[in-house]
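Summary of the model geometry
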Amino acid sequence: MSYGETPSQTVGPYFAYGLTPVQYGYDFTDLANFVVAGPDAKGEHIRVMGQVFDGDGVLVSDAMIEIWQADEAGQYSSEPVSMDNAGFRGLGRCGTGTDADNRFVFHTVKPGVVADAAAPFINVTVFMRGMLTHAFTRLYFSDESDANGTCAVLQSVPADRRDTLIAARNDTPTGPEYRFDIYMQGDRETVFFDV
Amino acid sequence: MTGFKPRDWNSHAPYIAPGYKSTLLRGPTKPLVAIKPGLSEGTGPVFARAVVRDLDWDLTKNGCVNGAPIGERIVVHGRVMDGDGRPVPNTVIEVWQANASGRYVHKVDQHNAPLDPNFRGSGRCMSDENGNYVFYTIKPGAYPWGNHFNAWRPNHIHLSLFGPGFATRLVTQMYFPGDPLLDLDPIFLGTPDEDARNRLVAKFLIDKTEEGFALGYQFDIVLRGRFATPMED
Ligand SMILES: [Fe+3]
């Protein structure tokens, strides 16, 4: 017997008090937040941030971004996500509605290379009002150009669109930061994957 | 390695669904680049049962301040499974919804229906070892939205699940049988295939209805399937 998939539907404009309650100031616990790796996690601590733009180039203030990544050794966690924020969690979730510049910002560690890949990357999922199905993309690192050049997934992307997947490193006084802006449409439309 | 069957795009809406105006500037327009799911898509977050606290699965109680929420109490039962009917155990289901008068607690909801001081409208539950889940809530009201003149969302509950891997991630909405707004709703109608979108409508079941307390509904959720063995098609 086979069963058809349940269709995806939009998160709508009012997800915050259900999915990102702590970030938006609602009285409920959250499953995931901007801390992907707490202070006790091994590896190079980094921030990943960006903005989301619609087809008119207008900043999206009601998107929700999720990330899923390996730890610094290239291992995906199979342990329950720790609900204290001290160690490595692997999962992050952030809405774009609370930052003054409508950024999403994650505190994490740079992932190692996983066994079936050639370059380090972070899975990024985009949800928002106006998307009936979420979209998957990947964040690669600008300081990994040799490894990026050997990554089969990256090389399968049309050459003129590859740089939409590369987050630019910026070493700031408060640590390394990678900028990953997401363009839903237009000349710089981010590459989204059918996984 | 975990292999997932490809997403069945016939069961989902296109990114650009013109009846739902916000999709026009927000849905990707270029073709998706297909990649074979690997470790990063075949793995996903695992949660301990402790993330679901005592009242998280009872929205009729988890927002009470000085009384009980107004509205029709319902109990939603369902089973999370894959496309072959295999249960998806131990997966968290996050739920959120409007109150009985169609108003969200969310600070930007401008609809002038009343808030209910005893209803927050968010919670979560977890499927058991057989994929079964249950939560109690108040039947949400319809609410207007700005998509077109006299646009009203049918009664619905938002649900969010991870399933066994990042590739099975699903955010969806559960609707109610017999709702006259369904045939007018661009979000529900965004899924072009009629059989597929009717899977979004819960079933009313008298035998899940609790005598003197709450109406019972069944809403099964089907996530993408796995390739079990190479022999199985
Ligand atoms: Fe809604």
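Residues numbered from 1 in each chain as written. Chains lettered and ligands numbered in written order. Predicted model: local features only at pLDDT ≥ 70, side-chain atom pairs only at ≥ 80, totals over all residues. Heavy atoms only, no water.

**Here's the deal with the overall build of chain A**
Heads up, the condition is: Elements are defined by DSSP. Helices are runs of H or I of four residues or more, strands are runs of E of two residues or more, and each kind is numbered from the N terminus. Note that the radius of gyration is over C-alpha atoms, with the globule rule given as 2.2 Å times the number of residues to the power 0.38. Contacts are assigned to residue pairs with any non-hydrogen atoms lying within 4.5 Å of each other. For the purpose of charge, His is not counted, nor are the chain termini; Lys and Arg are scored as positive and Asp and Glu as negative. By convention, the charge on Lys lies at NZ, on Arg at CZ, on Asp at CG and on Glu at CD.
Along its length, chain A carries four helices and eleven strands. Its C-alpha radius of gyration of 17 Å places chain A within 12% of the 16 Å reference for a compact globule of 195 residues. Dimensions along the principal axes, computed over C-alpha positions, put chain A at roughly 50 × 45 × 40 Å. Expressed as a percentage of contacts within chain A between residues at least 6 apart in sequence, the contacts between residues at least 24 apart total 70%. One way to put it: in chain A the 13 positive side-chain charges average out to a point 2 Å from where the 27 negative ones average out.

**Focus: the coordination of the iron ion**
All names here are of chain B. What counts here: Metal coordination here is assigned from N, O and S atoms located within 2.8 Å of the ion, or within 3.2 Å for Na, K and Ca; omission of water means that sites may look incomplete. Geometry is assigned from donor-metal-donor angles: four donors are tetrahedral when every angle falls between 85 and 135 degrees, four are square planar and six octahedral when opposite donors sit over 155 degrees apart with all other angles between 65 and 115, and any other arrangement is irregular. Each residue is placed in one exposure class: buried if its accessible area under a 1.4 Å probe, protein chains only, is under 20% of its type's maximum, exposed if it is over 50%, and partly exposed if it falls in between.
For the iron ion, the full set of protein donor atoms is Tyr-104 (OH), Tyr-143 (OH), His-156 (NE2) and His-158 (NE2), at a range of 1.9 to 2.2 Å. Coordination geometry of the iron ion: the four donor atoms subtend angles of 90 to 164° at the metal centre, consistent with an arrangement described as irregular. Each donor residue of the iron ion belongs to the same chain, with the gaps between them written as Y-x38-Y-x12-H-x1-H. Per residue, the accessibility class of His-156 equals that of His-158, and both read buried.

**A closer look at the environment of Thr-20 of chain A**
All names here are of chain A. Mapped onto the elements, Thr-20 comes out in the loop between helix 1 (16–19) and helix 2 (21–24). Distance from Thr-20 to Ala-152, taken between C-alpha atoms, is 34 Å for residues 132 residues apart in sequence. Look past the residues within four positions of Thr-20 in its chain and what remains in contact with it is Phe-15, Met-64, Arg-93 and Gly-95.

**Focus: the interface of chain A and chain B**
Note the following rule: By definition, the buried area sums, over both parts, the 1.4 Å-probe accessible area that each loses when the two are put together. Salt bridges are counted wherever a side-chain nitrogen of Lys or Arg sits within 4 Å of a carboxyl oxygen of Asp or Glu. Two N or O atoms count as a polar contact when they lie within 3.5 Å, although within protein this holds only if one can serve as hydrogen donor and the other as acceptor, and sequence-adjacent residues are included solely when both atoms are side-chain atoms. When residues are sorted by character, Ala, Val, Leu, Ile, Met, Phe, Trp, Tyr, Cys and Pro go into the nonpolar class, Asp, Glu, Lys and Arg into the charged class, and all the rest, Gly among them, into the polar class. Note on pairing: DSSP must find at least two bridges between two strands before they are called paired.
Between chain A and chain B, the contact holds 74 residues from the first and 88 residues from the second. Taking both partners together, chain A and chain B bury about 6800 Å²; carbon and sulfur atoms supply 58% of that area. Inspection of the region where chain A meets chain B yields four salt bridges. Note that Arg-26 of chain B is salt-bridged to Asp-62 of chain A, the shortest N-O span being 2.9 Å. Where chain A packs against chain B, one counts 46 residue pairs in polar contact (both at pLDDT 80 or more). Among the elements that take part in the side of chain A that touches chain B, strand 6 (residues 121–128) of chain A stands out by supplying five residues, more than any other. When grouped by side-chain class, the residues that make up the side of chain A that touches chain B number 39 nonpolar, 20 polar and 15 charged. Here strand 11 (residues 193–194) of chain A pairs with strand 1 (residues 33–34) of chain B via two bridges, running parallel. Following the sheet pairing, Phe-193 of chain A is matched in strand 1 of chain B by Val-33 of chain B.

**Side note on the packing of aromatic side chains**
Under the convention used in this document: Any two of the Phe, Tyr and Trp rings considered here, Trp counted by its six-membered ring, make a pair once their centres fall within 6.5 Å; the pair's planes then place it as stacked at under 30 degrees, edge-to-face at over 60, or tilted in between. In this scheme, the term charge over a ring applies when either NZ of a lysine or CZ of an arginine sits within 6 Å of the ring centre and within 35 degrees of the ring normal.
Overall, the coordinates contain 23 aromatic pairs over all chains when judged by the stated rule. Taking the centre distance of 5.1 Å and the plane angle of 80° together, the rings of Tyr-104 of chain B and Tyr-143 of chain B count as edge-to-face. Separated by 39 residues along the polypeptide, Tyr-104 of chain B in the loop between strand 3 (92–97) and strand 4 (122–126) and Tyr-143 of chain B in strand 6 (residues 143–144) bring together distant segments of the chain. Assessed through its relative accessible area of 0%, Tyr-104 of chain B is described here as buried. Between the aromatic rings of Phe-176 of chain B and Tyr-217 of chain B, the centroid separation amounts to 5.1 Å while the plane-to-plane angle is 85°, which identifies the pairing as edge-to-face. Here Tyr-217 of chain B lies in strand 11 (residues 215–218) and Phe-176 of chain B lies in the loop between strand 9 (170–175) and helix 3 (194–198), a separation of 41 residues in the sequence. No difference in accessibility class separates Phe-176 of chain B from Tyr-217 of chain B, as the two residues are buried. A cation sits over an aromatic face here: Lys-110 of chain A above Phe-141 of chain A, 5.4 Å from the ring centre.

**What to know about the nonpolar core**
Selection rule: Joining through side-chain atoms within 4.5 Å is the link that ties buried Ala, Val, Leu, Ile, Met, Phe, Trp, Tyr and Cys residues into a set, and such a set is a nonpolar core.
Formed by 32 residues in total, the largest nonpolar core has its most connected members in Leu-91, Tyr-140, Leu-165 and Phe-193 of chain A together with Phe-47 of chain B. Going through the elements one at a time, strand 7 (135–141) and helix 4 (152–155) of chain A are the ones with two or more residues in this core. Aside from chain neighbours lying at most four places away, what touches Leu-91 of chain A is Ala-32, Asn-33, Val-35, Val-36, Ile-67 and Trp-68 of chain A together with Pro-45, Phe-47, Phe-162 and Phe-166 of chain B.

**Comments concerning the side chain of Arg-138 of chain A**
Examined against the element boundaries, Arg-138 of chain A turns out to sit in strand 7. Within the structure, Arg-138 of chain A has its side chain in polar contact with the side chain of Ser-40 of chain B (distance 3.5 Å). If we skip the residues at most four places from it in the chain, Arg-138 of chain A touches Phe-121, Ile-122, Asn-123, Val-153, Leu-165, Phe-180 and Phe-193 of chain A together with Ile-35, Ser-40 and Glu-41 of chain B.

**Overview of the sheet that holds strand 4 of chain B**
Residues and elements named next belong to chain B. Convention followed: Inter-axis angles, ranging from 0 to 180 degrees, are taken between N-to-C directions of lines fitted to C-alpha atoms, where helices are fitted over the stretch in contact.
Strand order in the open sheet formed by four strands is 4-3-8-9, with antiparallel pairing between adjacent strands. If you trace the sheet from one side to the other, it starts and ends with strand 4 and strand 9, each paired once. Taken pair by pair, the neighbouring strands of this sheet meet at an average axis angle of 25°, ignoring direction. In terms of strand pairing, strand 8 (residues 156–161) meets strand 9 through six bridges, oriented antiparallel. Bridge assignment links Ile-157 to a residue of strand 9, and that residue is Met-174.

**Section: the confidence of the model for chain B**
This is how the line gets drawn: You can read pLDDT as the predictor saying how much it trusts each residue, on a scale of 0 to 100.
On average, residues of chain B carry a pLDDT of 94, and 97% of them reach 70 or more. Overall fold confidence (pTM) sits at 0.96, and the ipTM for the predicted complex is 0.96.

**So, the environment of Tyr-140 of chain A**
All names here are of chain A. One can find Tyr-140 in strand 7. Owing to a relative accessible area of 0%, Tyr-140 belongs among the buried residues under this scheme. For the pair Tyr-140 and Pro-120, spaced 20 residues apart in sequence, the C-alpha separation works out to 6.5 Å. Here Tyr-140 is in contact with Ala-119, Pro-120, Phe-121, Asn-148, Cys-151, Val-153, Leu-154, Leu-165, Ile-166 and Ala-167, once residues within four sequence places are set aside. Here Arg-138 takes part through its side chain, which lies 3.0 Å from a polar atom of the side chain of Tyr-140.

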